[in-house]
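The primary structure of each chain is shown beneath.
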Amino acid sequence: MTISMDPRDMLKTLVGFDTVSRVSNRALIDFVVDYLNGHGVPSRLVPNEDGSKASLYATIGPNVDGGVVLSGHTDVVPVDGQNWTSDPFTLTERAGKLFGRGTSDMKGFIAIALALVPEMQRAGLKRPIHFAFSHDEEIGCLGAPHLIARMVEELPPVKAVIVGEPTSMKVVTGHKGILVFETSVRGKSVHSSQIHRGVSANMVAARLMVFLDEMMRDAAKKVPHGCPFEPPFTTIHCGQVNGGTAHNIVASDCSFVTDIRALPDEDANAYLARFEEHIRNEVEPAMKRIAPESGVSIHVHARVPGFSPEPGSEAEHLARLLTGDNASHAVSYTTEAGQFQEAGYTVVVCGPGSIDQAHQPDEFIEISQLEAGTAFTRKLIGYLS
């Protein structure tokens, strides 16, 4: 059955799917498959290992060289503990804004793309528009690499990739990468009055966090000239800590989670290697002299490359042509753009909504931004026709 919706109605439908990363996105993906099938557009799924989640790609128009990829992620961040004034999974309008989880980040962009499928078909596209909708972006861009690999293998060469993260329709040509890892310290528990006989996992962890902070301070002293990022250096941040059982027990275990947001021309792995070297050469030997069973382990949760500016690239030229934005923009958050770039695609980040609203309670997209994204996509349709 053919279903037609305008971008707002499509956004209402997409927001209604709870696609928080901890649950499956298959209901939304199945809806998209059925919607595209209704318009005679076949799609291909790229499921995760157990099939509980899936990414999707599809082609509208002729399957020839020179098409443009519209890329977005289908998952959203949790609403737990946030004070929403309306149901986060029901699109609600107030004062020229559309509220709901994912409105800005980034179901608004996907809604526009899907709603305009009939216009794409009527336009007689000479070059195709490809959709690339991923899963698990919010927890480390986990779905995109498999999706991109399939696209590289099965699609003809592409002119440009537009990652529709919320940029207020500005053309973003660079962003930082991210490396997320967990450090687990195993100490030796004793009564706190006999601390000399034990190894406090909490105290070791505290010193390790200070070492990470000092690495960031060193990085801040080497700000590259003309760096477009804010802040203009690689950042290192410990956002979660868990350790200890009581004030009078030397902690046997402590863990903390760190993210390194590296400039695109820096290697986050080099910072991690320096941290690991410090642990093996300085920290663990002192721990093991007291308790041989003690030690420190590191588990990497996510590695996402940065996105390096490519002045004059096909994607940048196209996005500037469609938006009229000729200013320079770079962001410190991470997207799937770096993964597309690693695979050889030319990429920009450009989409409706503001990153200021992403992940926030009462997340919203201004109706004017939804309209601006729609106008942009219509210009793209005209360009490819």
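Conventions adopted
Residues numbered from 1 in each chain as written. Predicted model: local features only at pLDDT ≥ 70, side-chain atom pairs only at ≥ 80, totals over all residues. Heavy atoms only, no water. Axes fitted to C-alpha atoms, helices over the stretch in contact; angles between N-to-C directions. Helix = DSSP H or I, 4+ residues; strand = E, 2+ residues; numbered from the N terminus. Parallel < 35°, antiparallel > 145°, perpendicular 65-115°, else oblique. Left-handed = near helix turned anticlockwise from the far one by under 90°. Contact = heavy atoms within 4.5 Å. Phe/Tyr/Trp six-rings, centres within 6.5 Å; stacked < 30°, edge-to-face > 60°. Buried < 20%, exposed > 50% of the residue type's maximum accessible area, 1.4 Å probe, protein only. Lys NZ or Arg CZ within 6 Å of the ring centre and 35° of its normal. Polar contact = N/O pair within 3.5 Å; in protein donor to acceptor, adjacent residues only side chain to side chain. Pairing = 2+ DSSP bridges. Salt bridge = Lys/Arg side-chain N within 4 Å of Asp/Glu carboxyl O. Nonpolar A, V, L, I, M, F, W, Y, C, P; charged D, E, K, R; others polar.

S.K.: Would you mind going over the packing of helix H1 (residues 7–15) against helix H3 (residues 103–115) with me for this structure?
M.R.: The axes of two packed helices give the description: the angle between them and the distance between them. Running from N to C, H1 and H3 point in directions that differ by 130°, and their axes come no closer than 8 Å. Looking at the two axes, H1 sits oblique to H3. Of the two elements, H1 crosses H3, and the hand of that crossing is right-handed. Each of Pro7, Met10, Leu11, Leu14 and Val15 in H1 lies in contact with H3, whose residues at this interface are Thr103, Lys107, Gly108, Ile110, Ala111, Ile112, Leu114 and Ala115.

S.K.: Help me out: how do you make sense of the packing of aromatic side chains in this one?
M.R.: Centre distance and the angle of the planes are the two values used to describe a pair of aromatic rings. Under the definition given, this model contains seven aromatic pairs. Seen in terms of ring centroids, phenylalanine 17 and phenylalanine 31 are 5.8 Å apart; in terms of plane orientation they differ by 40°. Their pairing is tilted. Remark: phenylalanine 31 occurs in helix H2 (residues 26–38) and phenylalanine 17 occurs in the loop between H1 and H2; sequence separation between them is 14 residues. Owing to a relative accessible area of 15%, phenylalanine 31 belongs among the buried residues under this scheme. Linked through ring pairs, Phe17, Phe31 and Tyr35 together constitute an aromatic cluster. Positioned above the aromatic ring of phenylalanine 99, the side-chain terminus of arginine 94 is 3.9 Å from the ring centre.

S.K.: Could you clarify how one ought to interpret the side chain of threonine 74 in this entry?
M.R.: By secondary structure assignment, the location of threonine 74 is in the loop between strand E3 (67–73) and strand E4 (92–94). Judged by its relative accessible area of 2%, threonine 74 is buried. For threonine 74, the side chain forms a polar contact with the side chain of asparagine 25, separated by 2.9 Å. One polar contact links the side chain of threonine 74 to the main-chain carbonyl oxygen of serine 134, over a distance of 2.8 Å. With near-sequence residues (within four places) excluded, threonine 74 lies in contact with Thr19, Asn25, Leu28, Ile29, Lys107, Ile110, Phe133, Ser134 and His135.

S.K.: What's the story with the sheet that holds strand E5 (residues 97–99) in this structure? I'm lost.
M.R.: The strands making up a sheet are joined through hydrogen bonds of the backbone, oriented either antiparallel or parallel. Strands sit in the order E4-E5-E13 across an open sheet of three strands; the sheet is antiparallel. Strands at the two margins of the open sheet, each flanked by one partner only, are E4 and strand E13 (364–366). Sheet twist, expressed as the average angle between the axes of neighbouring strands with direction ignored, equals 25°. Sheet topology places E5 next to E13; three bridges connect them, and they run antiparallel. Following the sheet pairing, lysine 97 is matched in E13 by glutamate 366. Running over the sheet, H3 touches E5 and E13 and is turned about 55° from E13.

S.K.: I would appreciate a short explanation of the pattern of salt bridges in the present structure.
M.R.: It is possible for side chains of opposite charge to pair when their charged atoms get near one another. Taken as a whole, this structure holds 16 salt bridges when the rule is applied. A salt bridge links aspartate 136 to lysine 53, with the nearest nitrogen and oxygen atoms 2.6 Å apart. Of this pair, aspartate 136 sits in the loop between strand E6 (129–134) and helix H5 (144–154) while lysine 53 sits in the loop between strand E1 (43–47) and strand E2 (54–60), and the two are 83 residues apart along the sequence. The class of lysine 53 is buried, set by a relative accessible area of 9%. Residue glutamate 314 is joined to lysine 159 by a salt bridge in which the shortest nitrogen-to-oxygen separation is 2.7 Å. Separated by 155 residues along the polypeptide, glutamate 314 in helix H8 (residues 314–323) and lysine 159 in strand E7 (residues 158–163) bring together distant segments of the chain. Residue class for glutamate 314 comes out partly exposed when judged on its relative accessible area of 41%. Ionic contacts of the salt-bridge type, sharing partners, join the residues Arg44, Arg150 and Glu154 into one network.

S.K.: Would you mind going over the packing of H1 against helix H10 (residues 367–384) with me for this structure?
M.R.: Between H1 and H10, whose axes approach to 11 Å, the crossing angle comes to 110°. As the angle between them shows, H1 and H10 are arranged roughly perpendicular. Between H1 and H10 lies a crossing whose hand is right-handed. Counted together, Pro7, Arg8 and Leu11 of H1 and Ile367, Leu370 and Thr374 of H10 form the full contact between these two elements. When grouped by side-chain class, the residues that make up the contact of H1 with H10 number four nonpolar, one polar and one charged.

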